[in-house]
Amino acid sequence: MTASQNIYFVSLGCPKNQVDTEIMLGQVTDAGHALVDAPEDADVIVVNTCAFIDSAKAESVNTILEMAEFKKGRAGKLVVTGCLAQRYADEIAKEIPEIDHILGSSDFPSIAKTLDAPAPKPTRGKKKALPVVQVTEAPAYIYDHDAPRVRIGGRHTAYVKIAEGCDRPCAFCIIPKLRGAQRSRSIDDIAAEVTALAAAGTKEICLIAQDLTRYGWDLADRPTLAQLLHRLAPIPGVHWIRLHYTFPSAFTDELIDAIATLPTVAKYVDVPLQHIDDGMLKLMRRGHSSRVTYELIERLRAKVPGIVIRSTFISGHPGETDAMHAALRDFLTEAQLDRVGVFPYSIEPGTVSGMLPNRVPAKVADARAAELMELQRGISRAKLEAMVGRELEVLVDGLSEETDLLLEGRYFGQAPGIDGVVYLADGTAPIGALVRARVTQAADHDLAASLELA
Ligand code: SF4
């Protein structure tokens, strides 16, 4: 191994990418390197990229260019990993000569070797060497509980990736091409990881995958998500198990019963619905009709009273008419979902939707998304206002970013990083503590609460 080097990481994109970064952090520290908080102090800079939609690609490229500037200083090596590397290795290799190594979305376990590798040498007559590219066409890696991992953020909450990749054919989505076919971890392996996390003080376990509800389909013994929940729920120290990225047509009664009956499974589901119009669901190749969506919401609310439902939608997908948009608007009014994100459609080369006719102008897509988010802002506020006076259990995340006078935390109905928070006043508590508080005020997406219950 070469001498210890200072490594600086930038982690972009979704929680699944964050887990990959945390594995890389574990591997480089295990290899004896030091992590630094500032790029100017680094010998090596690693950018773990996202390439889901245009804006994410732009952010990744801008970040790489920004980090490349530090090669004018101490940094001797720039490594690019993640989805942009998986998708555009050749393009970024040509366009950004400052890059030294490119690792695909399942090649990042080679990061320690990459740090030890000599910088690439320019070929005859060339001023600058081309980057070393290591991108596996069909990504196949998924970590296990033995993988070294250095967690980003508070000890009290953690993402646990139970599977990677996706086998579904959604027309607008490039993820199967970036992340490969689905591969699930065994229940024993996931339980070992969660047991270790809980023993180290983690109270909130956020389960993630590309499609959580398809967990285990690719394994010989076909374990189910419900079976996994029954295994994880009694692990000592686990307080909330949160379900992210579920698929609407894949909710079995067994799964809903597990959510309803297991005390440590948070009464919260994140289920991207994308749209409600049957014609649009067909164009999106979602494999189910609006009836499945209506029935799912009914089943969840009947079996799990007070369940908090988060969802995301796409506005302006090719073929979306005014009537289809109106149907989605009416659905949001009728369904009264708790947490909603709406994204204007982004043309993704290499997807089925990218080749569809009847494109919707970007301005129209933006306006439709803004209209739905404005509608949802009112729904969210009304729901939160109805909670004023209620006593809640809150997991403390730390000092508020707004002011040091307040703590920030979340109740079971708020996931980290994507939902609102509870601002806590009239007292203090350590990070990771579970406290009781009474809601005193509501805003569009956040709550204020007092630690003085009386
Ligand atoms: S289930 Fe999700 S990740 Fe898989 S193809 Fe559909 S949208 Fe993409």
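Structure: see above.
Residues numbered from 1 in each chain as written. Predicted model: local features only at pLDDT ≥ 70, side-chain atom pairs only at ≥ 80, totals over all residues. Heavy atoms only, no water.

Engineer: Give a detailed account of the side chain of T246, specifying residues and quantitative values.
Structural biologist: Assignment of secondary structure puts T246 in the loop between β11 (240-243) and α8 (253-261). Looking at T246, its side chain comes within polar contact range of the main-chain oxygen of D270, at 2.8 Å. Here T246 is in contact with D211, L212, T213, F251, D270, V271 and P272, once residues within four sequence places are set aside. (Helix = DSSP H or I, 4+ residues; strand = E, 2+ residues; numbered from the N terminus. Polar contact = N/O pair within 3.5 Å; in protein donor to acceptor, adjacent residues only side chain to side chain. Contact = heavy atoms within 4.5 Å.)

Engineer: I'd like a rundown of the packing of helix α10 (residues 290-303) against helix α11 (residues 322-335), residues and numbers included.
Structural biologist: Orientation of α10 relative to α11, taken along the N-to-C sense of each, is 10 degrees, at an axis distance of 12 Å. The angle between the axes of α10 and α11 places the two elements in the roughly parallel class. Contact residues: α10 offers T293, Y294, I297 and R301, while α11 offers F331, E334 and A335. When its residues are assigned to classes, the contact of α10 with α11 shows four nonpolar, one polar and two charged. (Axes fitted to C-alpha atoms, helices over the stretch in contact; angles between N-to-C directions. Parallel < 35°, antiparallel > 145°, perpendicular 65-115°, else oblique. Nonpolar A, V, L, I, M, F, W, Y, C, P; charged D, E, K, R; others polar.)

Engineer: Go over the site of the ligand with me, naming the residues and quoting the values.
Structural biologist: For the ligand, the full set of nearby residues is C166, R168, C170, F172, C173, I175, P176, Q210, F247 and R286. Broken down by class, the residue content of the shell around the ligand amounts to seven nonpolar, one polar and two charged. (Near = heavy atom within 4 Å.)

Engineer: Outline the sheet that holds strand β4 (residues 77-82), supporting the account with residue identities and numerical values.
Structural biologist: The six strands lie next to each other as β2-β1-β3-β4-β5-β6, forming an open sheet whose pairing is parallel. Of all the strands in the sheet, the pair left with one neighbour each is β2 (34-35) and β6 (132-134). Pairing geometry for strand β1 (residues 6-11) and β2, over two bridges, is parallel. Bridge pairing links N6 to A34 in β2. Of the strands in this sheet, β1, β3 (44-49) and β4 touch helix α2 (residues 54-68), which is tilted by about 175 degrees from β3. On top of the sheet, helix α3 (residues 83-95) reaches β3, β4, β5 (101-103) and β6; it is set at about 130 degrees to β4, its chief contact. (Pairing = 2+ DSSP bridges.)

Engineer: Kindly report on the packing of helix α6 (residues 187-199) against helix α7 (residues 225-232), identifying the contributing residues and their values.
Structural biologist: Between α6 and α7, the shortest axis-to-axis distance is 10 Å and the interhelical angle comes to 35 degrees. Classified by chirality, the crossing of α7 by α6 is right-handed. Residues I187, D188, I190, A191 and V194 of α6 form the contact with α7, whose participating residues are Q227, L228, R231 and L232. Looking at the contact of α6 with α7, its residues break down into six nonpolar, one polar and two charged. (Left-handed = near helix turned anticlockwise from the far one by under 90°.)

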